[in-house]
Amino acid sequence: MIKIILIIQAIVQGILEWLPVSSSSFVALLSLLFGNETLSEAVNIALFMHLGSGLAALILLRTDIIIHLRNLLRQEQENTYVDPVIYIIGLIISIITALIVYNTLISVVSNVSLAFILIGVSLLITAFVTRKKKLHYGLERVGKIDLLILFILQGIAIIPGISRSGIVLAYLGFRRVKPDTAFRINLFIGIPILLLAGVYGFINIINTIQVLTALFVELIVFCTSFVTAYYLLNYFKKIQTWLFPLIIGILLLISSTIDLIQ
């Protein structure tokens, strides 16, 4: 019989993955509060649930992926918002960064919530200045350096409490990328990392969960992630550009403050 807590965790993962909130922290916390898992098991469950989110982004952006792969083979950059070659290089750098951070820095990081509160305040200031001066958020493609920085930031997000979407969207907000393009890039660069995290988590919990249960849980994560991402992608197409850093900033402040209190 499937535990109700797994269903709740799957829904939480699907909703929070695309927001500036650490979905892993909340999913793991639910395991510790209402399950019988150890901290290591709770983290592995949280990682496992990323698989459904990665698959949801893969299906949602299937056309974008085909275009980028085609242009990679043709050595073209038409209709792309990232450089395909730099994407591959950045992915490797992101994995290396994550391994370095996890193995050497994770023990000395005191509290990332304070840093995220500062980022949230900075985004609110950015939103105010943008609205006041009517600055244009018209960037539809990120440069090579920006893309590499995004992958490095994504690797740093291995630290517990750091939201991958939060740190990526915050950077794109500072760079004044169009809201819908920023969210699309967040999905696009997150696909391989989410899939790898999901597979890693699944390997670690395969002996503690039934295969049918795992498939059912991932189906819930997939459906919830797909619907949430689809809604947010369309939402960011319609909002005024200055609202983008404002929304991300407020969400960062709320989630970081809650994490700080805990």
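First, a word on scope: everything that follows refers to the structure included in this document. Here the structure is a predicted model, which is why all the values come from computation and not from measurement. (Residues numbered from 1 in each chain as written. Predicted model: local features only at pLDDT ≥ 70, side-chain atom pairs only at ≥ 80, totals over all residues. Heavy atoms only, no water.)

**Notes on the overall build of the protein**
Here comes step 1: Of regular secondary structure, the protein possesses twelve helices and zero strands.
Here comes step 2: Along the protein, helices (α) and strands (β) appear in the sequence α-α-α-α-α-α-α-α-α-α-α-α when read from the amino end.
Here comes step 3: Here the protein, with 262 residues, has 48% of them falling under the buried criterion.
Here comes step 4: Taking all contacts inside the protein whose residues are at least 6 apart in sequence as the whole, residues at least 24 apart take part in 80%.
Here comes step 5: By element, 69% of the accessible surface of the protein is carried by carbon and sulfur atoms, the whole surface being about 13,300 Å². (Helix = DSSP H or I, 4+ residues; strand = E, 2+ residues; numbered from the N terminus. Buried < 20%, exposed > 50% of the residue type's maximum accessible area, 1.4 Å probe, protein only. Contact = heavy atoms within 4.5 Å. Areas by Shrake-Rupley, 256 points an atom, 1.4 Å probe, with all protein chains shown as cover.)

**Brief notes about the nonpolar core**
Here comes step 1: Counting 42 residues, the largest nonpolar core has Trp18, Leu147, Leu172, Phe183, Ile185, Leu187 and Ile189 as the members making the most contacts within it.
Here comes step 2: Listed by contribution, the elements that provide at least two residues to this core are α4 (50–60), α6 (84–105), α8 (144–156), α9 (164–174), α10 (179–205), α11 (211–238) and α12 (243–261).
Here comes step 3: In terms of residue count, α10 provides more of this core than any other element does, nine residues in total.
Here comes step 4: Contacts of Phe183, omitting those with residues within four sequence positions, involve Trp18, Leu169, Ala229, Leu232, Leu233 and Phe236.
Here comes step 5: In terms of nonpolar packing, the next biggest core, distinct from the first, is built from 15 residues, Phe48, Met49, Ile205 and Val221 among them. (Core = buried A, V, L, I, M, F, W, Y, C linked by side-chain atoms within 4.5 Å.)

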